[in-house]
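Residue strings, one per chain:
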Amino acid sequence: MKRREFIAGLGSTAAWPAVARAQQRVPVIGFLSSGRSDDFNDVVATFRKGLAEAGFVEGQNVVIEYRWADGQYDRLPALVADLVHHPVTVIFTNGGLLPARAAKAATETIPIVFEVGTDPVRLGLVASLNRPGGNVTGVTLFSGVVLAKRLELLRELTPNSTTIAMFVNPNNPNAEVDTKDVQAAARDLRLQLHVFHAVKDGDVDAAFAGLIQHSDSALLVGADPFIDTQRHRIVALAAQHAVPAIYAWREFVHAGGLISYGARLADAYREAASYTGRILRGAKPGDLPILQPSRFELVINLKTAKTLGLTVSPQLLARADEVIE
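Below is a short write-up of the structure.

The rules we used
- Residues numbered from 1 in each chain as written.
- Predicted model: local features only at pLDDT ≥ 70, side-chain atom pairs only at ≥ 80, totals over all residues.
- Heavy atoms only, no water.
- Buried < 20%, exposed > 50% of the residue type's maximum accessible area, 1.4 Å probe, protein only.
- Helix = DSSP H or I, 4+ residues; strand = E, 2+ residues; numbered from the N terminus.
- Contact = heavy atoms within 4.5 Å.
- Polar contact = N/O pair within 3.5 Å; in protein donor to acceptor, adjacent residues only side chain to side chain.
- Pairing = 2+ DSSP bridges.
- Axes fitted to C-alpha atoms, helices over the stretch in contact; angles between N-to-C directions.

Below, the discussion takes up helix 4 (residues 97-106). Among all positions of helix 4, only Leu97, Pro99, Ala100, Ala102 and Ala103 are buried. Of the surrounding secondary structure, the elements contacted by the buried residues of helix 4 are strand 1 (28-33), helix 3 (76-85), strand 3 (90-94) and strand 4 (112-116).

This is the structure in structure tokens:
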């Protein structure tokens, strides 16, 4: 090879790192979820909308790498390790505490924005709500704090109920505490509680079979990423067996469920996207306080209530944030 060609070759090779650095200037968001992509289309759309409001449009000035555990929580460590290896600029975790824990365990340097349903301080995700510290911040829905209220609302709708069923995923880190809280609330209301587990496909059908066998007159559905993926099946079986049920999220009621009481998921995802945008612009996650629900909303499906033969009092209707007729 001639000396001139060799020098030219060196120049061409040296240009590659510069090109790579230019390509890496487009930030990459790692989207880690414990759920299934088909069940989280609305979540993704809302997250994208929130990012756009923050000035980041997927495919234009930001890239999003999606990783889905499909309800198999043991896959989360490998999925987040893949994102860290990619590498990504920031990680957003969705679908409960376990994705957030997996991300925190995988990296101390990549910023993490989580969406969880419980107290992140009590579960060791952050140091405090006002100053999380480290590389982690996010949004909490505090879904567990309103469990007793959900049971009260269910009793108000079904005043003759004496036995209540509860669906819970025992693999959820909040399951034990949530179950104890509902049991205590049931005792206060002089209700008998039967707890049924839902971990995998088919468990919901088995749980309804147990519910019918125990002659439970109403149902409280726990907040859990896997249970959320069974939304349409649960609503359909509740209608089939004429079981009044209360849910954590309005999405169940829009699918035909009776009543829900909890934070608004869309607000949480939009706020998480806003935090993600701020971090991409240089904010430190440890300085961003954990966002909490400003209110909990009550949604009632009046059509479903009529089908079940339930009378919704004017007082309860007046308290509702949304009534589906």
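This brings us to the side chain of His194. Mapped onto the elements of the fold, His194 is located in strand 7 (residues 192-197). Among the residues examined, His194 registers a relative accessible area of 15% and is labelled buried. A distance of 2.7 Å separates the side chain of His194 from the side chain of Asp216, its partner in a polar contact. For His194, the contacting residues outside a window of four places in its chain are Ile164, Ala165, Met166, His214 and Asp216.

Where burial is concerned, the two faces of strand 10 (residues 259-262) agree: the one with Ile259 and Tyr261 and the one with Ser260 and Gly262 are both buried. Of the strand pairs in this sheet, strand 9 (residues 245-247) and strand 10 are connected by two bridges, and their pairing is parallel. Bridging from a neighbouring strand, Ile246 pairs with Ile259 of strand 10. Where strand 10 lies against strand 11 (residues 297-301), four bridges are found, and the strand directions are antiparallel. Within strand 11, the residue paired with Ser260 across the bridge is Val299.

Once that is clear, we can look at the sheet that holds strand 4. With parallel pairing, five strands are arranged side by side in an open sheet as 2-1-3-4-5. Here the strands that pair on one side only, and so sit at the sheet edges, are strand 2 (63-68) and strand 5 (136-140). Sheet twist, expressed as the average angle between the axes of neighbouring strands with direction ignored, equals 20 degrees. As judged from the six bridges shared by strand 1 and strand 2, these two strands associate in the parallel manner. Paired with Leu32 across the two strands is Arg67, which belongs to strand 2. Along the sheet, helix 3 contacts strand 1, strand 2 and strand 3; its crossing angle with strand 1, the most-contacted strand, is approximately 180 degrees.

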